[in-house]
Amino acid sequence: MPSAQHLDELEAKSIHILREAYANFKQLGMLWSIGKDSTVLLWLARRAFFGHVPFPLVHVDTSFKIPEMIEYRDRLALKWGLTMIYGQNEAALAAGQSYPAGTVDRLTCCGLLKSAALRDTLSGRGKRYRLNHDSGAYEVDQSTEAYTGVIVGVRADEEGSRSKERYFSPRDRESQWALADQPPEFWSQYKTDFKPGTHVRIHPLLDWTEVDIWAYIKRHDIPTVSLYFDQGEGTRYRSLGCYPCTEPVSSTARNVDEIIAELTTGKFANIAERGGRAQDQADGGGLETLRRDGYM
Amino acid sequence: MHIVFVGHVDHGKSTVIGRLLAETGSLPESKLAQVRATCERMSKPFEYAFLLDALKDEQAQGITIDAARVFFESAKRPYLIIDAPGHIEFLKNMVTGASHAEAAVLVIDAKEGIQENSRRHGYMLAALGIKQIGVLVNKMDLVGYDQSAFETIERDYTAFLKQLGVVPAVFIPVSAMQGDNIATRAAERMPWYQGPSVLEALDGFEEAPAPEDQPFRMPVQDVYKFTRGGDARRIVAGTVESGALSVGDEVVFYPSGKRSRVRTIEAFAQPSTEFTSVGEATGFTLDEQLYVTRGELAVRADQPRPEVSTRLRVSIFWLGAEPLAEHKDYVIKLGTARVPMRVESIEHVIDASTLAKREDKTSVQRHDVAECVLRLRRPLACDPGAAIEGTGRFVIVDDYDIRGGGIVIEAQADAQHELREKVFLRNNRWEKSLVDSAQRAERYNQRSTLVLVTGPREGRRKEVAKALERRLFDEGKLVYYLGFGSVLYGVQGEHGDSSEASHDDLMHRLGEVAHIILDAGIILIVTAQELAPRDIAIFRAVVQTDRIETVWVGDRTAMQISPDLEIDDHADDEAVQMIRQRLQECGAIFRAW
């Protein structure tokens with residue numbers, strides 16, 4: 001169980017990074033996958049900005065998310081007064097191109113419904129939908145300006161290429177990541193200058209581990225989707241994605257305390273979190289390939 | 001605790017870490033299997049290093065390119081291990097990895113001995129301010145576990161580190177391949193070694209004590225005023241670099257020298273507090289609505305002041321492929337300040353691998369270390385790095401990227417030094433009225449600003465300035481035009497001659513007049529012929545920097561300053577419109593709804 005001091009240090013660094021991002025990027029957005037990591041990130045933003053979230057939250061909706069995730073997203077967005085935006089690859093969906101439809105393989109599906117959808121939503125080339133807080137419904141967003149700073153909740157312990165990320169990581173016009181030639185970053189000074197047309201991914205959670213996330217959720221009693229907990233069937237989701245490609249794990253953890261116990265001393269102490277994500281196994285570094293191409 | 005592993009390429013850092021993870025049971029079950037499968041597919045023998053070389057390029061080339069973060073836990077505490085690349089090509093990645101660390105482990109090959117990068121990395125660790133260094137002499141199996149081979153390296157490398165002022169915490173003979181002295185001691189193979197294993201040595205490193213007993217320093221990240229939901233707080237936000245702050249403390253912001261008292265310490269979703277200290281990402285409100293901006297340094301009035309200057313003597317390391325050169329424009333970032341700069345002089349350059357000094361250089365090559373004097377376009381507040389780490393180090397940006405870093409040795413007096421001291425004294429003694437500047441801004445619906453309209457003798461600066469006054473006045477603004485000549489005779493000092501000192505003195509007096517008019521909430525338009533950078537620097541020292549807008553009207557031949565706005569070949573009414581737009585952009589006047 002991470003100590004209080006350890007969590008304090010992680011939190012202070014993440015808040016510092018969020019404030020640097022806000023100070024340096026005019027067109028700033030935060031990706032919210034509805035999962036536990038980006039929800040912790042959302043909470044950190046409320047901490048950083050004293051109860052406010054002064055930039056939009058962006059969700060890439062593949063249309064294959066578990067329905068409870070979408071309900072939870074809109075409930076919190078209305079309750080916390082969030083500027084909520086979503087985008088999706090409407091062309092690919094209309095053409096029936098997806099793994100669940102049986103027309104493409106898993107990596108291609110991720111490439112279309114996540115990487116391409118994300119790229120087009122960020123650049124403004126794709127349609128964006130914005131939540132109207134009066135009606136509770138989504139409307140086409142009038143703004144098509146490209147985001148120049150994008151906050152993402154990836155953690156270094158998740159997977160190899162993420163372990164080599166920077167806190168501020170540049171992406172070129174096509175969202176590509178030149179991971180063999182990353183700029184240096186030290187002494188809490190980050191890459192806040194960028195060429196026109198490029199953008200910077202900002203990663204405030206890099207130093208957090210899975211158990212840190214749950215310990216922080218416990219500390220602040222942060223609301224999470226019930227899919228993370230066993231509802232009596234003996235299974236729960238450890239990592240949330242699209243339902244055709246994310247398997248629940250067998251577990252009887254019914255609350256945050258039981259999850260922390262399971263991760264520190266229990267059955268998952270030595271088992272990687274993304275074990276239930278099929279696209280990672282699709283080839284020798286599936287996720288690295290996806291990430292070079294703009295995936296989170 | 002963050003620990004970085006460094007060393008020359010192929011001396012076995014990644015293998016040591018891989019072995020450490022495996023032997024402490026810190027690897028996810030799927031990870032070992034996954035790497036074994038990858039090795040099989042690529043027809044390579046399994047190596048522990050592959051656990052860390054996560055990228056396809058790294059696995060294909062068998063070389064660590066970028067620093068990886070690895071998490072593991074000993075019986076004592078959790079660790080974040082940073083595996084830094086050893087190849088000289090990737091020194092910037094090594095620096096990136098090492099800068100986060102509280103302690104370092106440097107790996108040297110027992111057979112190859114001390115190599116160029118063993119020394120260079122040692123130097124970089126010292127430059128980054130990492131004081132706890134453990135040295136592993138690896139591949140002891142290749143030298144037959146020979147005690148004298150180990151002792152030779154121990155003696156030579158200790159002597160090298162001593163020149164850098166670093167005393168290594170421990171030397172350990174290991175074989176990462178065989179697992180000797182990694183997680184457990186290899187008493188059978190190296191009975192002559194009585195010291196700790198690597199794991200024991202890691203547990204022996206001490207957490208760096210937080211500099212709470214140093215003066216309070218907080219670079220201002222931003223001033224937040226989020227009005228949503230009727231929130232009226234104006235919060236000065238930042239991360240405390242050193243010291244502590246309580247409600248009621250008097251704070252001063254540098255370089256402006258503005259002061260006020262802390263009214264509240266703010267936080268969301270936690271019990272209210274009256275105290276904040278080093279390491280915290282915090283925020284506070286003030287008794288008075290000061291106009292403070294990002295880049296200033298908040299300090300306590302009852303504690304030692306930071307240095308404020310445009311000239312810094314520094315020790316730097318350079319990572320850019322293009323050498324650091326004189327007469328070229330860069331940007332320095334220190335704390336949250338960000339200021340254009342140039343290198344004034346390069347005192348000497350040090351080859352980090354041999355410690356040889358050269359004094360005849362006019363540029364600093366990639367991977368070299370140097371002592372230089374930097375000349376900044378605007379003053380910033382800092383401390384000598386030896387006194388307060390957080391506000392004594394900086395990075396240099398060129399062409400969108402960080403290309404180097406360094407430590408402030410000292411701030412040197414610049415031409416505005418005395419003037420600045422006078423201004424700090426003035427601000428300290430200034431009698432505050434009950435109406436503050438924010439209230440005036442709200443009442444007058446404008447933010448007081450000094451508009452300096454300058455240009456060549458024959459230009460139309462006066463006509464434009466007067467037309468601007470008329471236009472703003474007609475729009476209901478509080479505005480005042482002041483020609484330089486009008487001041488010349490009234491405030492002329494005892495010098496009465498045309499010496500440089502008297503010119504500066506005159507500019508200073510004009511600046512003080514402007515300061516008073518601005519304090520009254522008025523937009524002041526001043527015209528003067530061919531203002532030089534030196535004049536602008538004086539105004540910046542006397543009047544708040546963020547309240548000056550400079551406009552050059554007319555032919556650019558004689559222009560030495562970089563004005564906020566240049567106007568040439570435009571009719572007067574067009575020029576007025578351009579300045580008006582500029583004033584809207586900088587927030588001095590507001591656009592109509």
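Remember, predicted model here, so these are calculated numbers, not experimental data.

What to know about the overall build of chain B
- Looking only at helices and strands, chain B has 14 helices and 29 strands in total.
- Principal axes of the C-alpha set define a box for chain B whose edges measure 90 × 60 × 45 Å.
- Counting across all 593 residues of chain B, residues that qualify as buried make up 54%.
- The long-range share in chain B, meaning contacts at least 24 apart out of those at least 6 apart in sequence, stands at 71%.

Observations concerning the overall build of chain A
- Broken down by element type, chain A carries eight helices and ten strands.
- Since a compact globule built from 296 residues should have a radius of gyration of about 19 Å, the 18 Å found for chain A is in line with a globular shape.
- With respect to the three principal axes, the spread of C-alpha positions in chain A is 50 × 50 × 45 Å.
- For chain A, buried positions account for 61% of its 296 residues.
- When contacts within chain A are restricted to residue pairs at least 6 apart in sequence, long-range pairs at least 24 apart make up 71% of them.
- Accessible surface computed for chain A: about 10,600 Å², of which carbon and sulfur atoms make up 49%.
- Mean positive and mean negative side-chain charge positions of chain A (36 and 40 charges, respectively) differ by 2 Å.

Concerning the domain arrangement of chain B
- Domains assigned within chain B are domain 1 (2-204), domain 2 (217-300), domain 3 (311-418) and domain 4 (435-585).
- A C-alpha centroid distance of 61 Å is found between domain 1 of chain B and domain 4 of chain B.

Re helix H8 (residues 417-429) of chain B
Residues and elements named next belong to chain B.
- For H8, built from 13 residues, the straight-helix expectation of 18 Å at 1.5 Å per residue is met to within 8% by its first-to-last C-alpha distance of 19 Å.
- When H8 is considered as a whole, its buried residues turn out to be Leu419, Arg420, Val423, Phe424, Arg426 and Asn427. With its buried residues spanning 160° around the axis, H8 presents them on a single face. H8 presents Glu418 and Arg429 as exposed residues on the side facing more than 90 degrees away from its buried surface.

As for the environment of asparagine 132 of chain A
Residues and elements named next belong to chain A.
- Considering the arrangement of structural elements, one finds asparagine 132 in the loop between strand S4 (129-131) and strand S5 (138-140).
- As for asparagine 132 and tyrosine 147, which are separated by 15 residues in sequence, their C-alpha atoms are 20 Å apart.
- Polar side-chain contacts of asparagine 132 include one of 3.2 Å to the backbone nitrogen of serine 135.
- Looking at asparagine 132, its side chain comes within polar contact range of the side chain of glutamate 139, at 2.8 Å.

Observations regarding the sheet that holds strand S2 (residues 57-60) of chain A
All names here are of chain A.
- Taken in spatial order, the eight strands line up as S5-S4-S3-S2-S1-S6-S8-S7 in an open sheet, and their pairing is mixed. Looking at strand neighbours, the two that pair on one side only are S5 and strand S7 (168-171), the edges of this open sheet. Looking at each pair of strands side by side, their axes are set apart by 30° on average, direction ignored.
- Bridge analysis of strand S6 (residues 149-151) against strand S8 (residues 199-202) gives three bridges, and the strand direction is parallel. Counted as the bridge partner of valine 150 is arginine 201 from S8.
- The strands touched by helix H3 (residues 67-79) within the sheet are S2, strand S3 (84-87), S4 and S5, with S3 carrying the most contacts at an inclination of about 150°.

What to know about the interface of chain A and chain B
- Each partner contributes to the interface: chain A provides 59 residues, whereas chain B provides 72 residues.
- At the boundary of chain A with chain B, total buried surface from both sides reaches about 5,400 Å², with 54% on carbon and sulfur atoms.
- Seen at the junction of chain A and chain B, the total is four salt bridges.
- Put simply, aspartate 193 of chain A and arginine 338 of chain B hold a salt bridge, and the shortest N to O gap is 2.6 Å.
- For the pair chain A and chain B, the interface holds 24 residue pairs in polar contact (both at pLDDT 80 or more).
- Residues belonging to the side of chain A that touches chain B are distributed by class as follows: 24 nonpolar, 17 polar and 18 charged.

A look at helix H6 (residues 147-163) of chain B
All names here are of chain B.
- In this model, H6 (17 residues) spans 25 Å end to end at C-alpha, consistent with the 24 Å of a helix rising 1.5 Å per residue.
- For H6, the set of buried residues is Ala149, Phe150, Ile153, Tyr157, Phe160 and Leu161. Buried residues of H6 fall within an arc of 100° about the axis and therefore sit on the same side. Among the exposed residues of H6, those oriented more than 90 degrees off its buried face are Arg155, Lys162 and Gln163.
- Looking at the buried positions of H6, the neighbouring elements they touch are strand S4 (103-109), helix H5 (116-127), strand S5 (132-138) and strand S6 (170-173).
- Two residues or fewer past H6, glycine 165 is found with a positive phi of approximately 80°.

Quick look at the nonpolar core
- Residues Ile3, Phe5, Leu125, Leu202 and Phe317 of chain B are the most contacted members of the largest nonpolar core, which totals 159 residues.
- If you tally residues by element for this core, the top one is helix H2 (residues 36-48) of chain A, at seven residues.
- Apart from residues no more than four positions distant in its own chain, isoleucine 3 of chain B is found in contact with Tyr79, Leu80, Ile81, Ile82, Ala101, Ala103, Ala104, Val105, Leu202 and Phe205 of chain B.

Here's the deal with the packing of aromatic side chains
- As enumerated under the stated definition, the model contains 31 aromatic pairs over all chains in all.
- Seen in terms of ring centroids, phenylalanine 49 of chain A and phenylalanine 55 of chain A are 5.7 Å apart; in terms of plane orientation they differ by 90°. Their pairing is edge-to-face. Across the pair, phenylalanine 55 of chain A and phenylalanine 49 of chain A agree in class, each one buried.
- A centroid spacing of 5.9 Å and a plane angle of 75° characterise the contact between tyrosine 167 of chain A and tyrosine 190 of chain A, whose relative ring orientation is edge-to-face. Of this pair, tyrosine 167 of chain A sits in the loop between S6 and S7 while tyrosine 190 of chain A sits in the loop between S7 and S8, and the two are 23 residues apart along the sequence.
- Members of the aromatic cluster, each reached through a chain of ring pairs, are Tyr22, Phe49, Phe50 and Phe55 of chain A together with Tyr224 and Phe226 of chain B.
- The ring of tryptophan 80 of chain A has arginine 46 of chain A lying over it, and the distance from NZ or CZ to the ring centre is 3.9 Å.
- Looking at arginine 69 of chain B, its charged tip hangs above the ring of tyrosine 167 of chain A, at a distance of 5.0 Å from the centre.

Digging into the domain arrangement of chain A
Residue and element names in this part refer to chain A.
- According to the domain assignment, chain A consists of domain 1 (4-209) and domain 2 (211-279).
- Computed over C-alpha atoms, the centres of domain 1 and domain 2 are 21 Å apart.
- On the side of domain 2, 29 residues touch domain 1, which itself brings 37 residues to the contact.
- Note on domain 1 versus domain 2: buried area summed over both sides is about 3,000 Å², and carbon and sulfur give 64% of it.
- Along the contact surface separating domain 1 from domain 2 lie one salt bridge.
- A salt bridge links arginine 219 to aspartate 8, with the shortest nitrogen-to-oxygen separation between them at 2.9 Å.
- Applying the counting rule to domain 1 against domain 2 returns eleven residue pairs in polar contact (both at pLDDT 80 or more).
- Breaking the side of domain 1 that touches domain 2 down by element, the ones donating at least two residues are helix H1 (4-24), H2, H3 and helix H5 (106-123).
- Per-element tally for the side of domain 1 that touches domain 2: the top contributor is H2, with seven residues.
- The residue makeup of the side of domain 1 that touches domain 2, split by class, is 19 nonpolar, five polar and 13 charged.

Quick notes on the rules
Counting from 1, residues in each chain are numbered in the order their sequence is written. Chain labels run from A onward and ligand labels from 1 onward, assigned in the order the entries are written. In view of the model being predicted, local features appear only for residues whose pLDDT reaches at least 70, and side-chain atom pairs are presented and counted only at 80 or more, with totals across whole chains, interfaces and linings using the full set of residues. Calculation of side-chain values draws on the structure's entire complement of heavy atoms; hydrogens and water are dropped beforehand. Only DSSP runs of H or I reaching four residues or more are called helices, and only runs of E reaching two or more are called strands; each is numbered from the N terminus. Only protein chains enter the area calculation, which uses a 1.4 Å probe; residues under 20% of their type maximum are buried, those over 50% are exposed, and those in between are partly exposed. Residues are treated as being in contact if the distance between any of their heavy atoms lies within 4.5 Å. Values of the radius of gyration come from C-alpha atoms, whereas the globule rule sets the reference at 2.2 Å times the count of residues to the power 0.38. In this description, accessible areas are obtained by the Shrake-Rupley approach with a 1.4 Å probe, and a residue is regarded as covered only by the protein chains that are shown. For the purpose of counting charges, residues Lys and Arg are taken to be positive, whereas Asp and Glu are taken to be negative. His and the chain ends are not included. Each charge is placed at NZ for Lys, CZ for Arg, CG for Asp and CD for Glu. Just so you know, the domain bounds were taken from an automatic or database domain assignment. To estimate how far a helix should reach, multiply one less than its number of residues by 1.5 Å. Here the arc refers to the directions that run from the helix axis out to each C-beta atom. The definition of a polar contact used here is a pair of N or O atoms within 3.5 Å, where within protein one atom must be able to donate a hydrogen and the other to accept one, and adjacent residues in sequence count solely through side-chain atom pairs. Two strands pair under a simple rule: DSSP has to find at least two bridges between them. For helices, the axis comes from a line fit to the C-alpha atoms of the stretch in contact; other axes are also lines fit to C-alpha atoms, and the angle between any two N-to-C directions lies between 0 and 180 degrees. Accessible area, probed at 1.4 Å, shrinks when two parts are joined; the buried area is that loss added up over both. Salt bridge, as used here: a side-chain nitrogen of Lys or Arg that lies within 4 Å of a carboxyl oxygen of Asp or Glu. For this classification, the nonpolar set comprises Ala, Val, Leu, Ile, Met, Phe, Trp, Tyr, Cys and Pro, the charged set comprises Asp, Glu, Lys and Arg, and every other residue, Gly included, is treated as polar. Residues grouped as a nonpolar core are buried Ala, Val, Leu, Ile, Met, Phe, Trp, Tyr and Cys residues, joined through side-chain atoms within 4.5 Å. What counts as a ring pair is set by centres within 6.5 Å for rings of Phe, Tyr and Trp (its six-membered ring), and what kind of pair is set by the plane angle: stacked under 30 degrees, edge-to-face over 60, tilted for all other angles. In this scheme, Lys NZ or Arg CZ marks a charge over a ring once it lies within 6 Å of the ring centre and within 35 degrees of the ring normal.

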